[in-house]
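Coordinate analysis (summary)
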There are 2 protein chains.
Amino acid sequence: MVRPPVRRATASLRTPFPTRDGAGLFSGCPEFVGTPLAYAREEEIFGDGEEAESVYRVVHGAVRTHKILSDGRRQVTGFHLPGDLFGFEQAETHRHTAEALSGTRVLIFKRRQIERIAAVRAEVACQLWSLAKRSLRHAQDHMLLLGRRSAQERVAAFLLDVDARMGGTGTFDLPMPRRDIADYLGLTIETVSRTFSQLEGEGALQRSGGRQVCLHHDRMHRLVED
Amino acid sequence: MVRPPVRRATASLRTPFPTRDGAGLFSGCPEFVGTPLAYAREEEIFGDGEEAESVYRVVHGAVRTHKILSDGRRQVTGFHLPGDLFGFEQAETHRHTAEALSGTRVLIFKRRQIERIAAVRAEVACQLWSLAKRSLRHAQDHMLLLGRRSAQERVAAFLLDVDARMGGTGTFDLPMPRRDIADYLGLTIETVSRTFSQLEGEGALQRSGGRQVCLHHDRMHRLVED
DNA sequence: CGTTAACTTGATGGAACTCAAGGTTCGTGG
DNA sequence: CCACGAACCTTGAGTTCCATCAAGTTAACG
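No experiment lies behind these values; they were computed from the predicted model shown.

Another aspect to go through is the relation of the copies chain B and chain A. It takes a turn of 180° to lay chain B on chain A, together with a shift of 0.0 Å along the axis; the resulting RMSD is 0.0 Å. Expressed as an axis order, the relation between the two copies is that of a two-fold axis. In this assembly the copies share their binding face: 100% of the residues contributing to the interface of chain B also contribute to that of chain A.

Encoded structure:
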């Protein structure tokens, strides 16, 4: 798979904004006050190999994290929606790249500070542990998808997951382009596109305008073995 | 992919043995005293959906954890060697099945007890957090492998990983059969077998007696893009 | 409204899967 | 110690699903 040269965000209008959300708690702990920051579409939030100074919480918009091989093959490891935390690392450096999918606001927390507080307050450390376990479970579910599911199952499972995270109404706008979906599901954009068409042909969903979809929950679910 | 009926351990000689290793610490915390227990080859340690009462540490032998779809497709999510912990769950029930690869001894810890101690001692909770982050990193690396790597790269990366975990001498016996390797790498046993042969043909490894391999480190590494 | 990126569709090819033997290893009992 | 059987592993032939290559078409945006 050949991939065009690395897409780097050009826009760098990183506009700090008022502390409206500054009171936003870190898992219900008032001592964590995040610094609000905004990123433009496709702007990099942190890069693979950089020192992991901060941890992030999405306030508005969406973020993707990915890993990339030297020849350009990319695996998107997660999409992060409002409320989600990302950027935790086991080591001192990031093992991922994080980029905004669209104009996105986040709260930034200092990793050192979080670790300092966790080292003293057991209930905070337990919350962080729990958070990591939740991510781990997601990663393991995704391994099953990547290792053993067909293209149709992957796309169907993905759409059901996004729907659930966006409110579960069955109608929503996908916050990411096909390339990101493909790289998340271990497929190519062509296969994702064809699978969308196929699902629409089978009456499992309807599309309007590329990004908007309306799922037929029952038929969709029937496509995903479990 | 059709799979033979679920392989259930028939042998159930779960023989508790003396407390020789009872002094084995839980990440250096003397208050955790595990109960030693032994499992026979292919014996189930815990099953998907069961209540997650315990957490385990491998003392001797090897364990695999996997997830399985209703039609039998299986994804092995990890192999656990002496010193490794497994069986932590985010929720109250296990989301995996764990089975002994060979005669295996483990130490069992009560999850409730660990949680009780973590809730009070921050440094313990931080260790557990760190452990979860390490597992998460492994899972994310594996996603990249499953989503984007070729069969040859998967097998080569796998062999290098096992070698490193078994001492890094380059010569070792694989503790698992081809089926488990295949289900770990998202391949079929035939493809794994063919890839072994291909790697041997290219001089990247030598086999003797099915399970024993001797890796040619340089050539092996060259096959794994990063 | 024009330009560009994003998405879709078609034709073709190939890596890995499936099906089917055959060979090897290893444990068990004669 | 050797013979037998049952897993386990390897190899071959044919097929399939998804990737690749190549146009088109639609949508987004200045």
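A few words now on the protein's contact with DNA strand C. Taken together, 18 residues surround DNA strand C, and among them S193, S197 and R207 of chain A together with A151 and T191 of chain B come closest. The contact in question runs from a phosphate oxygen of DNA strand C to an N or O atom on the backbone of A151 of chain B, over 2.6 Å. The side chain of T191 of chain B places a nitrogen or oxygen atom 2.4 Å from a phosphate oxygen of DNA strand C. Elements represented by at least two residues in the surface near DNA strand C include exactly α5 (189–201) of chain A together with α5 (189–201) of chain B. Here the surface near DNA strand C gets four residues from one element, more than from any other, and that element is α5 of chain A. Its residues placed into classes, the surface near DNA strand C shows four nonpolar, seven polar and seven charged.

Quick look at the packing of helix α4 (residues 178–185) of chain A against α5 of chain A now. All names here are of chain A. Remark: α4 packs on α5, axes separated minimally by 8 Å, with the N-to-C direction vectors making an angle of 100°. As the angle between them shows, α4 and α5 are arranged roughly perpendicular. Along the contact surface, α4 presents R178, R179, I181 and A182, while α5 presents I189, V192 and F196. Of the residues that constitute the contact of α4 with α5, the class distribution is five nonpolar, no polar and two charged.

Okay, empty space enclosed by the protein next. Within this structure, the stated rule accounts for three cavities of 30 Å³ or more. In this structure, the largest cavity encloses a volume near 60 Å³. Lining the largest cavity, in full, are F88, E89 and Q90 of chain A together with K133, L136, R137 and Q140 of chain B. In terms of residue class, the lining of the largest cavity is built from two nonpolar, two polar and three charged.

This brings us to the sheet that holds strand β5 (residues 74–80) of chain A. Residues and elements named next belong to chain A. The antiparallel open sheet is built from four strands, whose spatial order is β2-β7-β4-β5. At either margin of the open sheet sits one strand with a lone partner, and together these are β2 (44–46) and β5. Here the average twist between neighbouring strands, direction ignored, is 30°. In the sheet, strand β4 (residues 63–68) pairs with strand β7 (residues 97–100) via four bridges, with the strands oriented antiparallel. Bridging across to β7, T65 finds its partner in A98. α4 rests against β4 and β5 of the sheet, and its axis sits at about 105° to β5.

Another point: the interface of chain B and chain A. Taken residue by residue, the interface counts 52 residues in chain B and 52 residues in chain A. Both faces combined, the contact of chain B with chain A buries some 4600 Å², and carbon together with sulfur accounts for 63% of it. For the pair chain B and chain A, the number of links is six salt bridges. Between K67 of chain A and D141 of chain B there is a salt bridge, with the nearest N and O atoms lying 3.1 Å from each other. Linking chain B with chain A are 23 residue pairs in polar contact (both at pLDDT 80 or more), by the criterion used here. Counting residues per element, the ones that place at least two in the side of chain B that touches chain A are β5 (74–80), α1 (111–120), α2 (122–148) and α4 (178–185) of chain B. Counting residues per element, the side of chain B that touches chain A draws most heavily on α2 of chain B, at 22 residues. Of the residues in the side of chain B that touches chain A, the class split is 21 nonpolar, twelve polar and 19 charged.

Turning next to the nonpolar core. Counting 68 residues, the largest nonpolar core has F158, L159 and L174 of chain A together with F158, L159 and L174 of chain B as the members making the most contacts within it. With residues up to four places along the chain from it excluded, the contact list for L174 of chain A reads F158, L159, V162, I181, F196, R211 and V213 of chain A. Listed in part, the 28 residues of the second largest apolar core include A118 and L128 of chain A together with F32 and I114 of chain B.

Moving on, we come to the packing of aromatic side chains. The way to describe two aromatic rings as a pair is by their centre distance and the angle between their planes. All names here are of chain A. For the coordinates displayed, the defined rule picks out 14 aromatic pairs over all chains. Between F79 and Y184, the aromatic rings sit 5.0 Å apart at their centres with planes inclined by 55°, giving tilted as the arrangement. Here F79, found in strand β5, pairs with Y184, found in helix α4; they are 105 residues apart in sequence, far enough to count as distant. We classify F79 as buried; its relative accessible area is 6%.

Basis of the calculations
Residues numbered from 1 in each chain as written. Chains lettered and ligands numbered in written order. Predicted model: local features only at pLDDT ≥ 70, side-chain atom pairs only at ≥ 80, totals over all residues. Heavy atoms only, no water. Least-squares fit on C-alpha atoms with pLDDT ≥ 70 in both. Contact = heavy atoms within 4.5 Å. Near = heavy atom within 4 Å. Polar contact = N/O pair within 3.5 Å; in protein donor to acceptor, adjacent residues only side chain to side chain. Helix = DSSP H or I, 4+ residues; strand = E, 2+ residues; numbered from the N terminus. Nonpolar A, V, L, I, M, F, W, Y, C, P; charged D, E, K, R; others polar. Axes fitted to C-alpha atoms, helices over the stretch in contact; angles between N-to-C directions. Parallel < 35°, antiparallel > 145°, perpendicular 65-115°, else oblique. 1 Å grid on protein atoms, 1.4 Å probe; cavity = no way out; pocket = protein on both sides within 12 Å on 5 of 7 lines; lining within 4 Å. Points joined across faces, edges and corners; volume = space filled by probe spheres on them. Pairing = 2+ DSSP bridges. Buried area = accessible area lost by both parts, 1.4 Å probe. Salt bridge = Lys/Arg side-chain N within 4 Å of Asp/Glu carboxyl O. Core = buried A, V, L, I, M, F, W, Y, C linked by side-chain atoms within 4.5 Å. Buried < 20%, exposed > 50% of the residue type's maximum accessible area, 1.4 Å probe, protein only. Phe/Tyr/Trp six-rings, centres within 6.5 Å; stacked < 30°, edge-to-face > 60°.

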